[in-house]
Amino acid sequence: MQEPSVPRIGDEVVRRYLARLDEPGRPRVNLATLVRLHERHVRRVPYHNLDIQLGLPTDVDPAGNAARLADGDAGYCFHLNGAFAALLAALGFDVTLHRGQVKKAPALPDGVQFANHLTMTVRLDGRRWFVDVGLGDGLLGPVPLRPGVVRHPPLTFAFAEAAWGWRFTHDPRGSFTVMDWEDRPARPHDFVAAHQLLSTASSSTFVRRFIVTNRGPDEVVWSLVDRLLTRIDGDGVHRRELTTFDQWRRELEETFLLRLDDRHTAGLRLLWQRLPQHPGIPTG
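Here's a quick rundown of the structure. These figures come from a predicted structure and were not determined experimentally.

1. Quick word on the overall build of the protein chain
Here's step 1: Looking only at helices and strands, the protein chain features 9 helices and 13 strands.
Here's step 2: Its C-alpha radius of gyration of 18 Å places the protein chain within 12% of the 19 Å reference for a compact globule of 284 residues.
Here's step 3: Its C-alpha atoms put the protein chain at 50 × 40 × 35 Å along the principal axes.
Here's step 4: The proportion of buried residues among the 284 residues of the protein chain is 54%.
Here's step 5: Expressed as a percentage of contacts within the protein chain between residues at least 6 apart in sequence, the contacts between residues at least 24 apart total 61%.
Here's step 6: In the form shown here, the protein chain has an accessible surface area of approximately 12,700 Å², with 51% of it arising from carbon and sulfur atoms.
Here's step 7: Distance between charge centres in the protein chain, computed from 36 positive and 34 negative side chains, equals 1 Å.

What follows is the structure in structure tokens.
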């Protein structure tokens, strides 16, 4: 039997997940709900690779990740978008998963050669919407699927259609250059091999660097790479080096809203000690 494109999750997981997004009841299936849940997700559920850095195993099962997020966890694109897709499907939205590839080098071939990103579209009232809560410093809310420029302050993005699907071009200040994705539907199994490679290969950025990102309560994007804290706002890009473990952990919990438990605490100080410094960056 072929696996479903978006596995179903139970009512109790839906309830806890919605509670994390400050949604007190089961909302209606409409654009206002989609916009509200998307924005709350990127503001309240951080993008991070802490589990990879601490050697804690995870998988790409949307149902399992929805349960983890409902209980306060987070992760990177396979976890965040898979879980959010499962939540939307459980609420009654028409969700389709897609294979994507985030690229930092613009010279890479067009299209998707390696599916290092899971993204999704939602069909609602006869229109398709691009939905992605797993791009880190990406979209604040859903976007109508059409070519053009989209501004989600303080960042600006662009969409272009191609023979193989679509291209999302990031703001020049963002963490990557483009994300290409295929228009054809994907299934969770399509991302198993990529997740394994990204989680374990010594060449993987997620293995080599500690990364956490979220959007602040105003028009601010925060990111922390190793010990380097970056804030992007209407005035530009501001960076400073974190110099103590206590300061670093406080940022994780207060700025990025990470919910750290006993699984994380044991390895956090060891992780801090091995993180590289960034010479020439102001400290604070």
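Resuming the write-up.
2. Notes on the sheet that holds strand β12 (residues 228-233)
Here's step 1: An order of β1-β10-β11-β12-β13 is seen for the 5 strands of this open sheet, with the pairing classed as antiparallel. Edge positions in the sheet fall to β1 (47-48) and β13 (236-241), since each of these pairs with one other strand and no more.
Here's step 2: Note that strand β10 (residues 211-215) and strand β11 (residues 221-225) share 5 bridges and pair antiparallel. Note on β11: the bridge partner recorded for N214 is W222.

3. Details of the side chain of H48
Here's step 1: Considering the arrangement of structural elements, one finds H48 in strand β1.
Here's step 2: A polar atom in the side chain of H48 sits 3.0 Å from the backbone nitrogen of L50.
Here's step 3: Among residues more than four places away in sequence, those in contact with H48 are D73, A74, G75, Y76, I211, V212 and L258.

4. Focus: the environment of K103
Here's step 1: Its location among the elements puts K103 in strand β2 (residues 94-103).
Here's step 2: Note: C-alpha distance between K103 and I232 (129 residues apart in sequence) is 20 Å.
Here's step 3: Apart from residues no more than four positions distant in its own chain, K103 is found in contact with L108, P109, D110, G111, Q113, R167, F176, T177, V178 and D180.
Here's step 4: Here P109 takes part through its backbone oxygen, which lies 2.4 Å from a polar atom of the side chain of K103.

5. Side note on the packing of aromatic side chains
Here's step 1: For the coordinates displayed, the defined rule picks out 13 aromatic pairs.
Here's step 2: Summarising the aromatic geometry, the rings of Y76 and F78 are spaced 5.3 Å apart at their centres and angled 75° between planes, so their arrangement reads as edge-to-face.
Here's step 3: Judged by its relative accessible area of 1%, Y76 falls in the buried class.
Here's step 4: Seen in terms of ring centroids, F130 and W181 are 5.4 Å apart; in terms of plane orientation they differ by 20°. Their pairing is stacked.

6. With respect to the pattern of salt bridges
Here's step 1: Under the counting rule described, the total for this entry stands at 20 salt bridges.
Here's step 2: Among the salt bridges present, the one from D226 reaches R209, with a minimum N-O distance of 2.5 Å. With a gap of 17 residues between them, D226 in the loop between β11 and β12 and R209 in the loop between α7 (205-208) and β10 connect regions that are remote in the sequence.
Here's step 3: Look at D226 and you get buried, because its relative accessible area is 0%.
Here's step 4: Sharing partners across several salt bridges, the network here consists of E12, R15, R16 and D71.

Cut-offs used in this document
- For every chain, the first residue of the written sequence is number 1, and numbering continues from 1 along that sequence.
- For this predicted model, a pLDDT threshold of at least 70 governs which residues receive local features, and a threshold of 80 or more governs which side-chain atom pairs are given and counted, while totals over whole chains, interfaces and linings are taken from all residues.
- As a convention, hydrogens and water are excluded, and side-chain values are obtained from all of the structure's heavy atoms.
- Each helix is a run of DSSP H or I of at least 4 residues and each strand a run of E of at least 2, with the numbering of both proceeding from the N terminus.
- Throughout, radius of gyration means the C-alpha value; the globule benchmark is 2.2 Å times the number of residues raised to the power 0.38.
- Relative accessibility under 20% of the residue-type maximum defines a buried residue, over 50% an exposed one, and the middle range a partly exposed one, all with a 1.4 Å probe and only protein chains included.
- Here, two residues are considered to be in contact whenever any of their heavy atoms come within 4.5 Å of each other.
- Surface accessibility in these figures is a Shrake-Rupley result with a 1.4 Å probe; residues are shielded only by whichever protein chains are displayed.
- Asp and Glu count as negative and Lys and Arg as positive, but His and the ends of the chain are not part of the count.
- Taken as the charge centre is NZ of Lys, CZ of Arg, CG of Asp or CD of Glu, depending on the residue.
- Should DSSP find at least two bridges between two strands, the strands are taken to pair.
- Side-chain atoms alone can form a polar contact between residues adjacent in sequence; in general such a contact is a pair of N or O atoms within 3.5 Å, and within protein one must be able to donate a hydrogen while the other accepts it.
- Centres within 6.5 Å are what make two rings of Phe, Tyr or Trp a pair, Trp counting through its six-membered ring; a difference in plane orientation under 30 degrees is then read as stacked, over 60 as edge-to-face, and the rest as tilted.
- Put simply, a salt bridge is a Lys or Arg side-chain nitrogen that is within 4 Å of an Asp or Glu carboxyl oxygen.

By themselves, these figures tell us nothing about what the structure is for.
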